[in-house]
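Tertiary structure, described
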Amino acid sequence: MKKIIATSVLFTLSSAALALQLPVTNEHKPNAHTMACLEAPTRDCAFTAALQTVINEEFGIERAKVLIGIARSMIATGQNKQAIQTLVLALDEARSVNLSLVTREKITEIAPLLARAGDTAGALALVEELERPVLKDRVLFEIASEAGSTGAIADARVTLAQTQNQTRAFWRELRILAHSSKKILASVKMEELLEKVRTADRVELQYGGLIQLAIIADRLGLPGERNALITEADELFLSVISIHQRAASTADRARNMFEAGMAPVFIDESYALAMKHGKRLRGNEVQSSFADKVGVIEAASGSLELALSRLDVFVDVAAKAKYLSQLRASRDQSLLTAEIKEILKQVTEIEGAYDRDLVRLTLLDGAIANEDAFLAQVIVVAVEDDDNQAYGLALMAPLLE
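In this report, the structure presented in the accompanying data block is examined. Note that this is a predicted model, so its numbers are computed, not measured.

**Here's the deal with unusual backbone geometry**
The phi torsion at Asn98 lies on the positive side, around 60 degrees, for a residue other than glycine. Topologically, Asn98 is positioned in the loop between α5 (80-95) and α6 (100-116). Judged by relative accessible area, Asn98 falls into the exposed class, the value being 65%. Here the phi dihedral of Glu371 falls at roughly 55 degrees; this positive angle occurs in a residue that is not glycine.

Quick look at the structure:
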C-alpha cells in the first residue's frame, strides 16, 4: 500500500501541471499537511504530506529539496526504482530555475544518491555536466563510496578511474576495499596494493595504508598476513614525529578497524594507542578532530558518557550537532537524547531561520540513524521552514509504521 501511494502521487508530480501549481503560502512557515501528519505520524502520511508540499510549492529549488528527501527514504525502504524516478524529477525541478549554480549544487547531491539506488551509470552521466575538476572529483569520490557500500565494486572502480587525482583515487579504493565482503575481495591483488602503499610519499600515508591492508587481510581470513602488516605499521610509526599526526594516525587506525568490524582485541589495542597520543593534544581544533574519530567508538562500546564529554571541545552549536549526529548509543540512548534536546534548545540562539533549520536537520540525521522516532518527531516539529519540515518528515518516514 505504501509503495502504491508514493508511486501514485509521484506520477501526479511528474505531470506538466506541476509547474502551474500555486504555493499554499509565501511565508514558508510549516504547512497544514506536515503539521497534521506530525500530530500522529505514519509512513503513509509522511510521504503524502511531503509530496503535497512539493505540489503546492512555488519554487523549483524547494521542490527539488523535498523530492530528494523523499528519494532518500525510498532508498532506505527498498524502493530503489521509485527513488531513481524521484531523483530525476528533482533534477528537472532544479533545472527549471534556469540557474547553473542551482543545477550544479543539486547534481552534487543527486548523483551520489543515484549510485546508492543502484544507478551508477546515471550518476556518472550527471557528473559530466560539472566543469570544475576539484568539484567533479569530489562527487566522483562520493559516487564510488556509495557504489562500494552496495557491493558494486566494479562500478566504484570505473568511477574512480574517471577522477583526475589518481593518487587520491587509490586511497579511496583502498578504503572501499577495507569495507567489502570476502567474496568481493577474492580477486584483490594484495602485492600490487602493498607496493603502492610502500611507495607513498608520506610516512603517515604508508602507515594508514598498511592498516587498511591489514583489515583487508583480516576480512580475507589471512591472520598471518594481517599480523605481519600490523607489525610493519607499528615499526613505521616510529618515524611519525608530529604529536598531531601521531594522534590523527592512531585515531584513524582505531576508527577504521571499528568500522570494518574487526575483533574487539584489535579495536581495543588501537583505541588505547590513540588515547596515549590523543591526550597530548592541545587546542579545540585538533581536539575536536580527534573527538570526531574516537567518539563513535566510545559511544558504541558502552562509554557514551566519555563520548559526550568531548562536546566541550566543539566551539559552536553546528559543530556540536554534527558530532552528536554521528554517535550511536550501544544501550540506553537517554543520555544521548538528552544532549540532542539540549542542543536543540541552543539552536534557537542562532540568527536566521535557514541556519537554524540546517542544524536541526543535522540533529535529525542522528535521531534517524539511532532509530529514535520520537526524537525525530520532536526535531521535525521544531523546523521553521515548510519545505525543510517536509524534507525532514520525508527523511523520518522509514522509522514510521
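**Comments concerning a negative patch on the surface**
On the surface, Glu191, Glu192, Glu195 and Glu225 cluster together into a patch of negative charge. Top element by residues in the negative patch is helix α12 (residues 190-198). It accounts for three residues. The residue Glu195 is located in helix α12 in this model.

**Structural notes on the packing of aromatic side chains**
Evaluated as defined, the whole model comprises three aromatic pairs. Centroid distance Phe170 to Trp171: 5.0 Å. Interplanar angle 70 degrees. Geometry classified as edge-to-face. Of the residues examined, Phe170 reaches a relative accessible area of 10% and is grouped as buried. Between Tyr207 and Phe237, the ring centres sit 5.2 Å apart and the planes meet at 45 degrees, which makes this aromatic pair tilted. Taken as a pair, Tyr207 in helix α13 (residues 203-219) and Phe237 in helix α14 (residues 223-237) lie far apart in primary sequence, 30 residues in all. Like Tyr207, the residue Phe237 is buried in the burial classification.

**Description of the side chain of Ser73**
Its place among the elements puts Ser73 in helix α4 (residues 60-76). A polar contact is formed between the side chain of Ser73 and the backbone oxygen of Ala394, at a distance of 2.4 Å. Ignoring sequence-local partners within four residues, the contact set of Ser73 consists of Phe47, Ala394, Leu395, Met396, Ala397 and Pro398.

**With respect to the packing of α12 against α13**
Contact pair α12 / α13: the axes reach a minimum separation of 9 Å and the direction vectors enclose 165 degrees. Taken together, the axes of α12 and α13 are roughly antiparallel relative to one another. When you trace α12 past α13, the crossing you get is left-handed. Between α12 and α13, the contacting residues are Met190, Leu193, Leu194, Val197 and Arg198 on the first element and Gln206, Gly209, Leu210, Leu213, Ile216 and Ala217 on the second. Among the residues making up the contact of α12 with α13, the classes are represented as eight nonpolar, two polar and one charged.

**Concerning the packing of helix α8 (residues 133-149) against helix α9 (residues 153-161)**
Axis separation between α8 and α9 bottoms out at 7 Å; the angle between their running directions is 170 degrees. Classed by the angle they form, the pair α8 and α9 counts as roughly antiparallel. Residues Leu140, Phe141, Ile143, Ala144, Ala147 and Gly148 of α8 lie in contact with α9, whose contacting residues are Ile153, Asp155, Ala156, Thr159 and Leu160. Each residue belonging to the contact of α8 with α9 can be placed in one class, and the counts come to eight nonpolar, two polar and one charged.

Definitions and limits used
- Residues numbered from 1 in each chain as written.
- Predicted model: local features only at pLDDT ≥ 70, side-chain atom pairs only at ≥ 80, totals over all residues.
- Heavy atoms only, no water.
- Helix = DSSP H or I, 4+ residues; strand = E, 2+ residues; numbered from the N terminus.
- Buried < 20%, exposed > 50% of the residue type's maximum accessible area, 1.4 Å probe, protein only.
- Patch = residues over 30% accessible without salt bridge, like charges linked within 9 Å, V, L, I, M, F, W, Y side chains within 5 Å.
- Areas by Shrake-Rupley, 256 points an atom, 1.4 Å probe, with all protein chains shown as cover.
- Salt bridge = Lys/Arg side-chain N within 4 Å of Asp/Glu carboxyl O.
- Lys, Arg positive; Asp, Glu negative; His and termini not counted.
- Charge placed at Lys NZ, Arg CZ, Asp CG, Glu CD.
- Phe/Tyr/Trp six-rings, centres within 6.5 Å; stacked < 30°, edge-to-face > 60°.
- Polar contact = N/O pair within 3.5 Å; in protein donor to acceptor, adjacent residues only side chain to side chain.
- Contact = heavy atoms within 4.5 Å.
- Axes fitted to C-alpha atoms, helices over the stretch in contact; angles between N-to-C directions.
- Parallel < 35°, antiparallel > 145°, perpendicular 65-115°, else oblique.
- Left-handed = near helix turned anticlockwise from the far one by under 90°.
- Nonpolar A, V, L, I, M, F, W, Y, C, P; charged D, E, K, R; others polar.

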